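Architecture at a glance
In case you want the letters, here they are:
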Amino acid sequence: MYSIREIFERLKDWANKNVTNQDVVIDETRAVWALNEATNNIVSNIIRSGRNDELNRVRVLLNTKPLKKVNSDTKSDYFEIQKDYLNHSSIRAKSGKCEIDCHEIKSDNQNITFNSNFEPSIVFQETIYYLEGNKIRIFKKGFDITYAEHTYYRKPRMVDLKGYERIDGSYSDKDIDFEFDNDLIDEIIIKATEYFKLKNN
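Residues numbered from 1 in each chain as written. Predicted model: local features only at pLDDT ≥ 70, side-chain atom pairs only at ≥ 80, totals over all residues. Heavy atoms only, no water.

What follows covers the sheet that holds strand 7 (residues 135-139). A sheet is described by the order of its strands in space; here 8 strands give the open sequence 1-8-4-5-6-7-3-2, paired in mixed fashion. If you trace the sheet from one side to the other, it starts and ends with strand 1 (62-66) and strand 2 (68-72), each paired once. The average angle at which neighbouring strand axes cross in this sheet is 30°, direction not considered. The pairing of strand 5 (residues 98-104) with strand 6 (residues 126-132) spans 4 bridges and is parallel. Bridged to Glu104 within strand 6 is Tyr129. (Pairing = 2+ DSSP bridges. Helix = DSSP H or I, 4+ residues; strand = E, 2+ residues; numbered from the N terminus. Axes fitted to C-alpha atoms, helices over the stretch in contact; angles between N-to-C directions.)

Written as structure tokens, this is what we have:
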């Protein structure tokens, strides 16, 4: 895996060969910004694609963590989404020792009406849920959700270079490397140079 210092040099080389015919001034501040912007763009596109071969490239971002219950009403329990959340994968829940299968629905309608074909059931050990802002709403009927865990893609680690002055006036105190394989890092470098190309046109 390339170090962030190697990536900085590769970024400068690629930009100089593909943006203009002369040396492009790429300082650490702009390099870090461009690399992190490109990372967010590429990772988001990979996850949205839903393709298993692509998702495997960002598998390091897949997390499973318990959810914290923050509210309840007669129909549902609400759980707080993790602060490093980027994209959803699945929910696992329990009522006491009973495992509950959770099925995601896409809905902005908070007044969902249950019927015999569409309702939470402790007998059939299943329920429905959806994401609502920064919370996950898991429905219930005659039981409570006592435990829930969230499998999700977290935000990628932001890279950094030690020793430069950030835009806010603070100084970076350490190198932070990418967490991806080199083939994906190369794509990120190429994407990052597009920001400099736009700047120079």
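Read on, since the account is not over.
A few words now on the pairing of strand 2. Of the strand pairs in this sheet, strand 2 and strand 3 (residues 76-80) are connected by 4 bridges, and their pairing is antiparallel. Directly across from Ser72, in strand 3, lies its bridge partner Asp77. The turn joining strand 2 and strand 3, which pair antiparallel and follow one another in sequence, is formed by 3 residues.

Quick look at a nonpolar patch on the surface now. A surface patch of nonpolar side chains, about 340 Å² in accessible area, is lined by Ile122, Val123 and Phe124. Note that Ile122 resides in the loop between strand 5 and strand 6. You can call Ile122 partly exposed: its relative accessible area is 34%. (Patch = residues over 30% accessible without salt bridge, like charges linked within 9 Å, V, L, I, M, F, W, Y side chains within 5 Å. Areas by Shrake-Rupley, 256 points an atom, 1.4 Å probe, with all protein chains shown as cover. Salt bridge = Lys/Arg side-chain N within 4 Å of Asp/Glu carboxyl O. Buried < 20%, exposed > 50% of the residue type's maximum accessible area, 1.4 Å probe, protein only.)

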